[in-house]
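Descriptive structure summary
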Amino acid sequence: MKILVLESSGNKRGSSNLLAEAFIRGAKENGHEITEFDVIRADIRACLGCNHCGMNGSCVQKDDYETKLKSMIKETDMLVFVMPVYYYNWPAQLKTVIDRFYSFTTELTNMHKKAVLLTVAWDDTNTVFSVVEAYYRRICEYMQFEDRGMVLGGGCGTPSMTKSSGFVEKAYDLGKSI
Ligand SMILES: Cc1cc2nc3c(=O)[nH]c(=O)nc-3n(C[C@H](O)[C@H](O)[C@H](O)COP(=O)(O)O)c2cc1C
């Protein structure tokens, strides 16, 4: 299966990418084909809501989303959303990736992709992931993605905290289970 891993932290060697790395290792061991895409370092602009695309056409913005990422999303079987929690929510650049589904929402919905969420936060409380998880579940439902699992890494505020948290192993196990 083709797996597209969407990373969204400015910290290339940070905590969320540690989970991504472990997930990728597990998935590769099972023979899956992985592509990584760093949304933070790409030119991905906000949806203008101009409706030029009519939810089924080309976007007026000829940025990395329209010229590269859109076709990568279409071609993959699974999307892996990798993110640090920012103010109890998805980081803006990854949310923008979702907003830009707009130009091919119906087409993408009909493709029935699989999805995974890998996320980290400093806090280790019951509520830190509530919005992040609810939004992920709602997007899976709306876009008809099949949720194949989540790693919600509480208490993962730094790479060293993350390495001893047990969540890196959980991400590996999830990759291995795919
Ligand atoms: C802008 C910003 C907002 C953050 N908001 C939260 C938050 O709401 N709750 C939390 O527990 N941690 C929060 N954090 C901490 C990060 O989620 C945490 O340090 C994470 O490990 C960073 O992941 P990374 O190394 O992949 O960038 C925030 C960090 C930043 C930079």
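Heads up: these notes are all about the structure in this document.

Reading the values: rules and limits
- Residues numbered from 1 in each chain as written.
- Predicted model: local features only at pLDDT ≥ 70, side-chain atom pairs only at ≥ 80, totals over all residues.
- Heavy atoms only, no water.
- 1 Å grid on protein atoms, 1.4 Å probe; cavity = no way out; pocket = protein on both sides within 12 Å on 5 of 7 lines; lining within 4 Å.
- Points joined across faces, edges and corners; volume = space filled by probe spheres on them.
- Nonpolar A, V, L, I, M, F, W, Y, C, P; charged D, E, K, R; others polar.
- Pairing = 2+ DSSP bridges.
- Helix = DSSP H or I, 4+ residues; strand = E, 2+ residues; numbered from the N terminus.
- Axes fitted to C-alpha atoms, helices over the stretch in contact; angles between N-to-C directions.
- Contact = heavy atoms within 4.5 Å.
- Parallel < 35°, antiparallel > 145°, perpendicular 65-115°, else oblique.
- Left-handed = near helix turned anticlockwise from the far one by under 90°.

Here we look at empty space enclosed by the protein
Overall, the coordinates contain one cavity of 30 Å³ or more when judged by the stated rule. Approximately 110 Å³ is the volume attributed to the largest cavity. If you trace the largest cavity, you find 15 residues lining it, with Cys-47, Leu-48, Cys-53, Cys-59 and Tyr-102 closest to the centre. Its residues assigned to classes, the lining of the largest cavity comprises seven nonpolar, six polar and two charged.

A look at the sheet that holds strand S2 (residues 33-38)
What the five strands build is an open sheet, ordered S2-S1-S3-S4-S5; its pairing is parallel. Only two strands of the sheet have a single neighbouring strand rather than two, namely S2 and strand S5 (146-153). With strand direction ignored, the average angle separating the axes of adjacent strands in the sheet is 15°. By the bridge criterion, six bridges tie strand S1 (residues 2-7) to S2 in an arrangement that is parallel. Of the residues in S2, the one forming a bridge with Glu-7 is Asp-38. Contacts between helix H2 (residues 64-75) and the sheet are confined to S1, S2 and strand S3 (78-84), with S1 contributing the most and set at about 140° to the helix. Where helix H7 (residues 167-177) meets the sheet, it contacts strand S4 (114-120) and S5, and its direction lies at approximately 165° from that of S5.

Quick notes on the packing of helix H1 (residues 15-29) against H7
The interhelical angle for the contact between H1 and H7, taken along N-to-C directions, is 30°, at an axis separation of 6 Å. When the interaxial angle is binned, H1 and H7 end up roughly parallel. The crossing of H1 and H7 is right-handed. The residues of H7 that touch H1, namely those facing Leu-18, Leu-19, Ala-22, Phe-23, Arg-25, Gly-26, Ala-27 and Glu-29, are Phe-167, Val-168, Ala-171, Tyr-172, Leu-174, Gly-175 and Lys-176. Partitioning the contact of H1 with H7 into residue classes produces ten nonpolar, two polar and three charged.

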